[in-house]
Amino acid sequence: MGRAVEYDHYGDFDVVHIVPQERPKAREGEIVVEVIAAGLNHIERFVREGRLQGRVDIEFPARQGTCFAGIVKERGPGVKDLAVGAEVMGHAIGGGAHATWVRVPRTAVVKKPATMAFEVAGGLYLAGCTAKSIVDELALGPDDVVVISAAAGGVGHLECQLAQIAGAQVIGTCSPRNHDYLRQIGIHPVTYGDGLEERIAEAAKGRPVTAFIDNHGGDNPALSESLGVPADRFVSSDHRREVEIRFLRAPAEDAEVTRLLTELSGLIEHHKLRLLISGFYPFEYIVDAYEDLAEMHSRGKVVVGMQPVETGARLSWYRSQKARTVHER
């Protein structure tokens, strides 16, 4: 027997509970994966809270979790190219990645590079595909100066690096606590608040701002217009949400998902892209992990591990210093 996260009505963290899970059986074209690590995403919380009713339909009782990495434990008839024991990463169709096992179509996963940590692979899918799709859509190059808001977040920190890989000069808006992190990955940080437009212009060093990716909303549309960004090169927070929902609901046979995840995997494998894990929690602490994410202060990704080596009273040892600091404030 394993365990799975489940909820039977819309609500906050108190509706989440861990239920027993029998190991599923692989059917035609499917595999059963033992989950080693799984990422958490804000949009999953919004779905659970009922904020996306009418756009993301769910049936109760609902299972939670989209991104995962793990080990193939069984393959169904018709699956020839993945052996039992293969390490894979991908997405759970309709949710269910926050569990001991997940059953998915073979086409919902790609092979995990041997050098990639499971927690990185488990947190990559949704944020990674969203970020890469948005950056690819802008077709950035060396002539571009791009501003990215919420630049240290789960999607934002990947957008920053992907824009940089494309050759663009990247200016990231963020709180002061994230400045050092953005500098470490080669991004020019600019603090939110009054005078933001002037600070962006100074950071651009006389070059025009040619693109703007808004991960936050608020006054950013007006800011982008004031900076002279062409309307067709402004990515709104609403559009970013639509892209994220598109990958949240992507069917297993979606070829773009496979392409994007494979390309992202290759960039990480060759040390061109880094996924930051700011919080790593044992499965038993999944509510704490979602509370951490809900603080909206997380750099990069928050991930749960299904079978950490440490057990008992020392489980809390796995909680990141950043996460403990947030809870203690």
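Quick note: structure is the one above.
On a predicted model such as this, the values are computed, not experimentally measured, just so you know. (Residues numbered from 1 in each chain as written. Predicted model: local features only at pLDDT ≥ 70, side-chain atom pairs only at ≥ 80, totals over all residues. Heavy atoms only, no water.)

A. Seen up close, unusual backbone geometry. Note that the residue after F60, namely P61, is joined by a cis bond; omega there is -5°. Counting through the fold element by element, P61 comes out in the loop between α1 (42-48) and β4 (62-63). The backbone of K205 shows a phi angle near 55°, a positive value even though the residue is not glycine. Positionally, K205 belongs in the loop between α6 (196-204) and β12 (211-213). Located in the positive-phi region is H271, a residue other than glycine, with phi close to 60°. Judged by its relative accessible area of 73%, H271 is exposed. (Helix = DSSP H or I, 4+ residues; strand = E, 2+ residues; numbered from the N terminus. Buried < 20%, exposed > 50% of the residue type's maximum accessible area, 1.4 Å probe, protein only.)

B. Geometry of the nonpolar core. Grouped together as the largest cluster of nonpolar side chains are 88 residues, with contacts concentrated most on F68, Y125 and V146. The greatest single-element share of this core, amounting to 8 residues, is contributed by helix α3 (residues 125-138). Ignoring any residue separated from it by four or fewer positions in sequence, one finds V146 in contact with L140, A163, A168, Q169, V170, I171, A211, F212 and I213. Counting 13 residues, the second-largest nonpolar core is a separate cluster that includes V147, I171, I200 and V229. (Core = buried A, V, L, I, M, F, W, Y, C linked by side-chain atoms within 4.5 Å. Contact = heavy atoms within 4.5 Å.)

C. Focus on the sheet that holds strand β1 (residues 2-7). Read across the sheet, 3 strands follow the order β2-β1-β4 without closing on themselves; strand pairing throughout is antiparallel. This sheet does not close on itself; its edge strands, each paired only once, are β2 (17-21) and β4. Looking at chain direction, β1 and β2 are connected through 5 bridges and run antiparallel. The residue of β2 that forms the bridge with G2 is Q21. (Pairing = 2+ DSSP bridges.)

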